[in-house]
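Close look at the chain arrangement
As a plain string of letters, each chain reads:
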Amino acid sequence: SDAVSICATCPNSQRKLAWTLSQYGQSYSPGGLYQLVYSSGGKVWYTSSTDSGRTWKPERFIADGMYPSIAADTNGAYVVLNDAGTVHVFKYADSGMVADLSIPGDYASVEAAPVVSFNNAALLVVFEKSNGKLKYDYFWDDVLMEMGEVPVAGDVWPAMRPSLSKTGTSQFGLAWVEEQDRAV
């Protein structure tokens, strides 16, 4: 068949999971702390498990929005989401929201799924803007240090569906799809 599918690069699930062995000085050994965010009915929810996912705490409402993503380590969890084109960034703990780090005027494409990665004190949020370019917000110790458009060689747009990973101390890897048929 000659049918074309872009589902291999679509946001793959409404549920996003993060895992860490300890957080805020509390150890969750042996199974660690599982933290899950998901969207349902235009709302984003958070839940956690300390017994390897056998049981989960009651869900807690985070905010209106869709396309949540989560990253966590010993200093907390960060949740990003898209609320009708406005990107929100929340610092979260198993006990509840710690801080709202959202940037006024951080606008994404309405269908954009923002992504987040956390590495030591460095936090990176990347999302697709309505003009087809990728924007980033870089935080250090929960303070916004830098923001701008992701520079792309050759200025090939649109850039869509970013994906992040941490690659070293305070370093990140970023990948995205260009023109719906070519991955970078």
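Once a new chain begins, its residue numbering starts again from 1 and follows that chain's sequence as written. pLDDT decides what is reported in this predicted model: residues at 70 or higher carry local features, side-chain atom pairs at 80 or more are listed and counted, and totals for whole chains, interfaces and linings draw on all residues regardless. Think of the side-chain values as coming from all heavy atoms in the structure, minus any hydrogens and water.

**What to know about the sheet that holds strand E12 (residues 122–128)**
Judged by pairing direction, the sheet is antiparallel, and its 4 strands sit side by side in the order E11-E12-E13-E14 without closing on themselves. Of all strands in the sheet, those with a lone pairing partner are strand E11 (115–119) and strand E14 (143–149), marking the two edges. The mean inter-strand angle of the sheet, taken between neighbouring strand axes irrespective of direction, is 15°. Judged from the 7 bridges that link them, E12 and strand E13 (residues 134–140) form a sheet pairing that is antiparallel. Its bridge partner being in E13, alanine 122 is matched across the sheet by tryptophan 140. The pairing criterion is simple: DSSP has to find at least two bridges between the two strands. The helix and strand labels rest on DSSP assignments: H or I over at least four residues marks a helix, E over at least two residues marks a strand, and numbering proceeds from the N terminus. Between the N-to-C directions of two axes lies an angle of 0 to 180 degrees, each axis being a line fitted to C-alpha atoms and, for a helix, fitted only over the stretch in contact.

**Regarding the nonpolar core**
Among buried residues, those of type Ala, Val, Leu, Ile, Met, Phe, Trp, Tyr and Cys that are joined through side-chain atoms within 4.5 Å constitute a nonpolar core. Note on exposure labels: buried denotes an accessible area under 20% of the residue type's maximum, exposed denotes more than 50%, and partly exposed covers the range between, all computed with a 1.4 Å probe on protein chains only. Counting residues in each nonpolar core, the largest one holds 15 residues, and the members touching the most others are Tyr78, Val89, Leu101, Val116, Leu123, Val125 and Phe139. Listing elements by their share of this core, those giving two or more residues are strand E8 (76–83), strand E9 (86–93), E11 and E12. With 3 residues, E12 is the largest single contributor of residues to this core. It only takes one pair of heavy atoms within 4.5 Å for two residues to be counted as in contact. Sequence-distant contacts of valine 89, defined by excluding residues within four places in its chain, comprise Val79, Val80, Ala99, Asp100, Leu101, Ser102, Leu123 and Val125. In terms of nonpolar packing, the next biggest core, distinct from the first, is built from 13 residues, Val44, Ala63, Leu81 and Tyr92 among them.

**Quick look at a nonpolar patch on the surface**
Like charges within 9 Å and nonpolar side chains (Val, Leu, Ile, Met, Phe, Trp, Tyr) within 5 Å are joined into patches, using only residues over 30% in relative accessible area that form no salt bridge. Each accessible area is a Shrake-Rupley result for a 1.4 Å probe, and residues are judged covered by the shown protein chains and nothing else. Salt bridges are counted wherever a side-chain nitrogen of Lys or Arg sits within 4 Å of a carboxyl oxygen of Asp or Glu. Taken together, Trp140, Val143 and Met145 make up a surface patch of nonpolar side chains, about 300 Å² in accessible area. Summarising the element assignment, valine 143 is placed in strand E14.

**Here's the deal with the side chain of asparagine 82**
As for its placement among the helices and strands, asparagine 82 is situated in strand E8. By relative accessible area, asparagine 82 is classed as buried at 2%. Here alanine 112 takes part through its backbone oxygen, which lies 2.9 Å from a polar atom of the side chain of asparagine 82. In contact with asparagine 82, other than residues within four places in its own chain, are Gly65, Met66, Tyr67, Ala108, Ser109, Val110, Glu111, Ala112 and Pro114. We define a polar contact as two N or O atoms separated by no more than 3.5 Å, with the added condition that, inside protein, one atom must be a possible hydrogen donor and the other a possible acceptor, whereas residues neighbouring each other in sequence contribute only through side-chain atom pairs.

**Some points on the pattern of salt bridges**
Inspection of every chain in the model, using the stated rule, returns 5 salt bridges. Here aspartate 64 ties to lysine 43 by a salt bridge, and the two come within 2.9 Å at their closest N and O atoms. Taken together, the residues aspartate 64 in strand E6 (residues 60–64) and lysine 43 in strand E5 (residues 43–49) connect sequence positions 21 residues apart. The class of lysine 43 is partly exposed, set by a relative accessible area of 33%.

Nothing here speaks to function; it is geometry throughout.
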